[in-house]
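Reading the structure
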Protein chains: 2
Amino acid sequence: MSSVAPANRVVIIGGGFGGLTCATDLRKFPGAITLIDRRNFHLFQPLLYQVATGALSPANIAAPLRSILKYQKNAKTILAEVAGFDLVANDVLLKDGARIPFDILVVSSGSTHHYFGKDAIWGPFAPGLKTLEDATEIRRKVLSAFERAEADPDVANRKKHLTFVIVGGGPTGVEMAGAIAELARQTLRRDFRSIDPADARVILVENSERVLQSFAEKLSKRAQDSLSQIGVELWLNCRVTDITADKVTIDRGGIIEPVATECVVWAAGVKANPLGKLLAEAVGGVTLDKAGRIVVNPDCTVGARSDIFAIGDMAFMKDSAGKQLPGVAPVALQQGQYVANTLLRRLKGESVLKPFSYFDKGNLATIGRSRAVLESKGIKLSGFIAWLAWLFIHILYLARFENRMMVLFQWSWNYITRNRTARLITGERANR
Amino acid sequence: MSSVAPANRVVIIGGGFGGLTCATDLRKFPGAITLIDRRNFHLFQPLLYQVATGALSPANIAAPLRSILKYQKNAKTILAEVAGFDLVANDVLLKDGARIPFDILVVSSGSTHHYFGKDAIWGPFAPGLKTLEDATEIRRKVLSAFERAEADPDVANRKKHLTFVIVGGGPTGVEMAGAIAELARQTLRRDFRSIDPADARVILVENSERVLQSFAEKLSKRAQDSLSQIGVELWLNCRVTDITADKVTIDRGGIIEPVATECVVWAAGVKANPLGKLLAEAVGGVTLDKAGRIVVNPDCTVGARSDIFAIGDMAFMKDSAGKQLPGVAPVALQQGQYVANTLLRRLKGESVLKPFSYFDKGNLATIGRSRAVLESKGIKLSGFIAWLAWLFIHILYLARFENRMMVLFQWSWNYITRNRTARLITGERANR
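Residues numbered from 1 in each chain as written. Chains lettered and ligands numbered in written order. Predicted model: local features only at pLDDT ≥ 70, side-chain atom pairs only at ≥ 80, totals over all residues.

1. Here's the deal with the overall build of chain A
Helix and strand content of chain A: 12 helices and 25 strands. In summary, chain A has a C-alpha radius of gyration of 23 Å against a globular reference of 22 Å for 432 residues, a match within 12%. Counting only C-alpha atoms and orienting by the principal axes, one finds that chain A spans roughly 70 × 50 × 45 Å. Every one of the 432 residues in chain A was classed for burial, and the buried ones make up 53%. Within chain A, counting contacts between residues at least 6 apart in sequence, those at least 24 apart form 62% of the total. (Helix = DSSP H or I, 4+ residues; strand = E, 2+ residues; numbered from the N terminus. Rg over C-alpha atoms; globule rule 2.2 N^0.38 Å. Buried ≥ 20, exposed ≤ 12 C-beta atoms within 10 Å, placed from the backbone. Contact = placed C-beta atoms within 7 Å.)

2. Some remarks on the confidence of the model for chain A
Taken over all residues, the pLDDT of chain A has a mean of 91, while the share at 70 or more is 96%. Scored as a complex, the prediction yields pTM 0.90 and ipTM 0.86. (pLDDT = per-residue confidence, 0-100.)

3. Digging into the environment of threonine 172 of chain B
One can find threonine 172 of chain B in helix 7 (residues 171–187). Apart from the residues within four sequence positions on either side, threonine 172 of chain B is in contact with Tyr49, Leu129 and Ala267 of chain B.

4. Some points on the sheet that holds strand 5 (residues 75–79) of chain B
Picture the strands of a sheet paired through backbone hydrogen bonds; they go either parallel or antiparallel. Residue and element names in this part refer to chain B. Taking strand neighbours across the sheet as the criterion, the six strands line up as 5-2-1-9-21-20 in an open arrangement whose pairing is mixed. The strands lining the two open edges of the sheet, one partner per strand, are strand 5 and strand 20 (301–302). Across two bridges, strand 20 lies against strand 21 (residues 305–310) in antiparallel orientation. Its bridge partner being in strand 21, threonine 301 is matched across the sheet by phenylalanine 309. (Pairing = 2+ DSSP bridges.)

5. A closer look at the sheet that holds strand 24 (residues 372–376) of chain B
Residue and element names in this part refer to chain B. Reading across the sheet, the three strands line up as 23-24-25 and stay open at both edges, with antiparallel pairing between neighbours. Edge positions in the sheet fall to strand 23 (363–366) and strand 25 (379–382), since each of these pairs with one other strand and no more. Put simply, the sheet's adjacent strands are angled 5° from each other on average, direction ignored. One ladder, built from four bridges, connects strand 23 with strand 24; its direction is antiparallel. Its bridge partner lying in strand 24, leucine 364 is registered against leucine 374. Against the sheet, helix 11 (residues 384–397) makes contact with strand 23, strand 24 and strand 25, and its axis sits at roughly 75° relative to strand 24, the strand it touches most. (Axes fitted to C-alpha atoms, helices over the stretch in contact; angles between N-to-C directions.)

6. Considerations on the pairing of strand 1 (residues 9–13) of chain B
Residues and elements named next belong to chain B. Across the five residues of strand 1, four count as buried, placing the element largely inside the fold. Bridge count for strand 1 against strand 2 (residues 32–37) is five bridges, and the pairing is parallel. In the strand pairing of strand 2, isoleucine 12 is matched with leucine 35. Where strand 1 lies against strand 9 (residues 104–107), four bridges are found, and the strand directions are parallel. Each residue of the ladder has a partner; that of isoleucine 12, found in strand 9, is valine 106.

7. Concerning the domain arrangement of chain A
By domain assignment, chain A separates into domain 1 (6–38 + 80–113 + 271–347) and domain 2 (119–268). The gap between the C-alpha centroids of domain 1 of chain A and domain 2 of chain A is 35 Å. (Domains from an automatic or database assignment.)

8. Things to note about the interface of chain B and chain A
When the parts of a complex come together, some accessible area is lost, and that lost area is often taken as the interface size. Facing 45 residues of chain B, the contacting portion of chain A comprises 45 residues. At the level of secondary structure, the elements contributing two or more residues to the side of chain B that touches chain A comprise strand 4 (62–64), helix 3 (65–68), strand 5, helix 5 (132–151) and helix 12 (401–417) of chain B. The biggest single contributor to the side of chain B that touches chain A is helix 12 of chain B, with eight residues. Here the residues of the side of chain B that touches chain A are counted per class, giving 21 nonpolar, 10 polar and 14 charged. (Nonpolar A, V, L, I, M, F, W, Y, C, P; charged D, E, K, R; others polar.)

9. Things to note about the packing of helix 1 (residues 17–25) of chain A against helix 10 (residues 329–347) of chain A
All names here are of chain A. Running from amino to carboxyl end, helix 1 crosses helix 10 at an angle of 30°, the nearest separation of the two axes being 7 Å. On the basis of the axis angle, helix 1 is roughly parallel to helix 10. The handedness of the crossing between helix 1 and helix 10 comes out as right-handed. Each of Phe17, Gly18, Gly19, Thr21, Cys22 and Asp25 in helix 1 lies in contact with helix 10, whose residues at this interface are Ala329, Ala332, Leu333, Gln335, Gly336, Gln337, Val339 and Ala340. Across the contact of helix 1 with helix 10, the residue classes tally to seven nonpolar, six polar and one charged. (Parallel < 35°, antiparallel > 145°, perpendicular 65-115°, else oblique. Left-handed = near helix turned anticlockwise from the far one by under 90°.)

10. With respect to the relation of the copies chain B and chain A
Two copies of the chain are present, and they differ by a rotation about an axis and a shift along that axis. Mapping chain B onto chain A calls for a rotation angle of 180° and an axial translation of 0.0 Å; the resulting RMSD is 0.0 Å. The transformation just described matches what one would write down for a two-fold rotation axis. Closest approach to the rotation axis among the C-alpha atoms of chain B is made by serine 57 of chain B, whose C-alpha sits 3.3 Å away. Take the interface residues of chain B: 100% of them recur as interface residues in chain A, which is what a same-surface contact looks like. (Least-squares fit on C-alpha atoms with pLDDT ≥ 70 in both.)

11. Structural notes on the nonpolar core
In terms of nonpolar packing, the biggest core is built from 276 residues, with Ala310 of chain A together with Leu204 and Ala310 of chain B touching the most fellow members. Setting aside residues no more than four positions away along its own chain, alanine 310 of chain A makes contact with Val107, Gly276, Leu279, Ile294, Val296, Cys300, Val302 and Ala315 of chain A. (Core = buried A, V, L, I, M, F, W, Y, C linked by C-beta atoms within 7 Å.)

And the structure:
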């Protein structure tokens, strides 16, 4: 685009909630926007657990980035992995050796699992839930566990196959535990001949005294009641001390308890994408928090560079009350909007801009069919109404209209039939 | 089941069209039916090419076997790989060492790709279209090719990236070529900035003088016209002589022509599952055809064993006119019905049974949006009406009602929007 002023080349790294929102909100920006992602799609991460439990297909919660941006003439998408930054020449360096020059850089590459320093040891046995591959891998593990139990005549082995441990009582852990319990007790109820899937044990391990720490205590309690009702064992104030191929060791208030299981799902810790560290080092004089997040300025810029922004899960910021902003989609999304708005205002010559302020619309988590907890502006809801709200909000935010319709249709169908049609064991052969 | 007469244990290997139909048609059989498959789902193979081109999700065309059989009390499903047969003890031997005893054995384990003796050399570069993993691998290759072209400044390389070669002009090859051409010319039309996806070359290589050999000549001609209209190059009377990572060598009537491409789809040869050979050797005195199919008796039994049946793609049989039955879903399905019926009749003491006779309902192939060819009982149709018939018949036969509704919905949506929403590059990272 020859009409682009040389100072208006915006490069955005990461097509998640933050980066993609920033790109689309810049649709009237008189510059050239380049969105770099190593995947060709935007992923609606809050629903990954539904792929992991066979309720939705991967394509239901992913939309090709090029599709989303196809009519936005000032934007282009590059499918590539970023290797680093040259902040003298102001280039983003790609793994394939190419350089992408920028005037404005927005880094929004999210977070990855963090196993408290045991990544290499625990990681292979306890997949987390960040990518579509994670979700289909967990789906494979969960469904294969029932298959192995059906095929195994040994009672102790069967018990092991039918034990599922979810580590971490945040929204992902709670939703995952609820979904596995429902899968066992409802969906698979009549599918097997040698086992009763309802014998499955689903254990949710939480380090603190309650699940859903970010919610009011009353709602945590409601969520816990709901989980217990659908058969999830809550192990509160418990800490995982070791994970192997067929065992999780859990510290239950001083008592070390080994749990035989081959299916552990990690929903406990995340750390920022390693690009955060590279960026901080390149800029210089920038602090990282202990999860590797960049401590950004109040306007999301990084260090002394007013042309470089970091947003979403890889940025560390506190709200006006001094509380750290959570690593959730709404924060990333609003920061993406904020940065786009900042760039548009700067163009108009406005120099003193308001710092970013997070508008917390509330918290929401679902616990299986017809159950959820919701908290927003002093309103606290649980049960069916909260679940309807959950449904409505997720449908509303699903990135693209096509997916939205398909998901609505699939959910209605699942709800009526109590079935989950995407129960495929793919990738590796099931019996290996 | 203690009420099962010891002579009524039916073991079926393979949950494809043949095996699954046999199992469900035995729902009133007073015996114990065991269905063994290495995958946990029945796959609607005729629509695999739609997964390979991003129009449908894997779960749309696959239904869990246990779900299908959940209410059929006399049937159980085993997820396992078969290693061989002990026809003295009458046991099926599983890879994990277990033995499954049978009184009646039905082998229906289908076919796999066949590269005319070059399996090890060509296979890695030219995936076929038999499994869901094949389909998502081809989807990855096709979509990545456009991405590589977009990123590559070199004109010759771009041309190579945008060249797609489909080997084999049967229904799969024709449907695949049509779908890739549509993907390039319609779906991706506005998605890229450096390339025009419509520049893609789609070459369909066919060994004989026309595509769709099993159809009347007139319809082959119509299909060829349709393919040309949507931009597929037809290389008839051409033979592939070599395939490497970035080149296909094609013999065009004596002239050897190399075509630079990184995306080859194999739709040419199939051979029977190797279990066919194991079974033939175990029974003894049984002939295999050159594709490894068991030459079965007119009642689908194998050799001198009236208790062992082979059906579907792994069975070789001729019709009354002496023509070999094709390796298509309707043949497998009808043979499955026939065997189930045979077992029910034998129970009633009927000993002289009619041989299997294939009721050919016709041929059908689609060539992209609104185009198809159909041939049935002397009726020959092409164009929109044939395409509607194609739609209707596929929806009708989709194994389970849930999938049927989802596919209908997804297709309607794709048709209206000219989009394909399942365009995900998964599995390997796209840029590697």
